[in-house]
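What the coordinates show
Chain by chain, the residues:
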Amino acid sequence: MASSFRSVVSSLLPSEERLMSRLQNLNEKDIQSVADEFALGLPEIDAVIGLPGAEGLARALAKLRGLPLIVVHREEESGWWAFDAEPAERTQQAAIVTEHFTDGLPELEVVVQASKLGYLVQWVACAIERTNEPGRSRLELQGLQILPVVQLADTPRGLVMERRFPQN
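Sheet analysis places strand β6 (residues 145–155) next to strand β7 (residues 158–161), joined by four bridges and oriented antiparallel. Within the sheet, the bridge partner assigned to Leu152 lies in β7 and is Met161. Counted between consecutive antiparallel strands, the loop separating β6 from β7 contains two residues.

Further remarks concern the sheet that holds strand β1 (residues 47–50). The sheet built from seven strands is open, its strands ordered β3-β2-β1-β4-β5-β6-β7 with mixed pairing. A single partner strand is all that each edge strand has here, and the edge strands are β3 (81–83) and β7. Strand after strand, the sheet turns through a mean of 30° between neighbouring axes, direction not considered. In this fold helix α3 (residues 28–41) packs onto β4 (92–101), β5 (119–130) and β6, with an angle of close to 130° to the strand it touches most, β6.

Per the counting criterion, the structure on display carries one aromatic pair. When the ring of Phe83 is compared with that of Tyr119, the centres are 6.1 Å apart and the planes differ by 15°; the resulting orientation is stacked. Placement of Phe83 in strand β3 and of Tyr119 in strand β5 is noted, with a sequence separation of 36 residues between them. In this structure Phe83 comes out as buried when scored by relative accessible area, which is 15%.

Counting residues in each nonpolar core, the largest one holds 33 residues, and the members touching the most others are Phe5, Phe38, Leu42, Val97 and Ile128. If sequence neighbours within four positions are ignored, Val97 has contacts with Phe38, Val48, Ile49, Gly50, Leu51, Ala54, Leu57, Ala58, Leu61 and Ala125. Judged by nonpolar contacts, the second largest core, of 21 residues, contains Phe101, Val111, Leu117 and Cys126.

Right, let's talk about the pairing of strand β2 (residues 69–74) for a bit. Bridge count for β1 against β2 is three bridges, and the pairing is parallel. In the strand pairing of β2, Val48 is matched with Leu69. Each parallel crossover has a hand, and the one from β1 via helix α4 (residues 55–65) to β2 is right-handed. Sheet topology note: the β2/β3 ladder contains three bridges and is antiparallel. When the sheet's bridge partners are listed, Val72 is paired in β3 with Phe83.

Parameters and conventions
- Residues numbered from 1 in each chain as written.
- Predicted model: local features only at pLDDT ≥ 70, side-chain atom pairs only at ≥ 80, totals over all residues.
- Heavy atoms only, no water.
- Pairing = 2+ DSSP bridges.
- Helix = DSSP H or I, 4+ residues; strand = E, 2+ residues; numbered from the N terminus.
- Axes fitted to C-alpha atoms, helices over the stretch in contact; angles between N-to-C directions.
- Contact = heavy atoms within 4.5 Å.
- Phe/Tyr/Trp six-rings, centres within 6.5 Å; stacked < 30°, edge-to-face > 60°.
- Buried < 20%, exposed > 50% of the residue type's maximum accessible area, 1.4 Å probe, protein only.
- Core = buried A, V, L, I, M, F, W, Y, C linked by side-chain atoms within 4.5 Å.
- Right-handed = clockwise from strand over helix to strand, strands pointing away.

Printed below as a string of structure tokens:
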């Protein structure tokens, strides 16, 4: 499943520019491959929260699992995250879907805002995780679990597939 997405990512390395360009223009096969990996790795949840740029991935996961999709965007005036739907019940279990997981700040902000609305977010599913960035540490300290499809490390020669940690 995700092996096709991993192959695509591998073919783009070590260039960050090529990777980012491809992430912004994922085709249906890539989206489905990543969504399948998310569906297999995530426990039972009640909703999927899609961050900007990951709407297609979140939509595909929500469709696979038969779950409601909540799309978030940042409000220009306030800088807060706005949700297009509120939970049907209090403490509804949700997972955040993001494309490119780096420092974890947007994801953490969405977790905080989601908790105020009644969502209980315990998972962040990401297509790409940059392992040199502090995102994983930041969110794991808050009790969240990270589900990456591909982990990449920054090296002096560019991006490489992460070898320090086993791929999920």
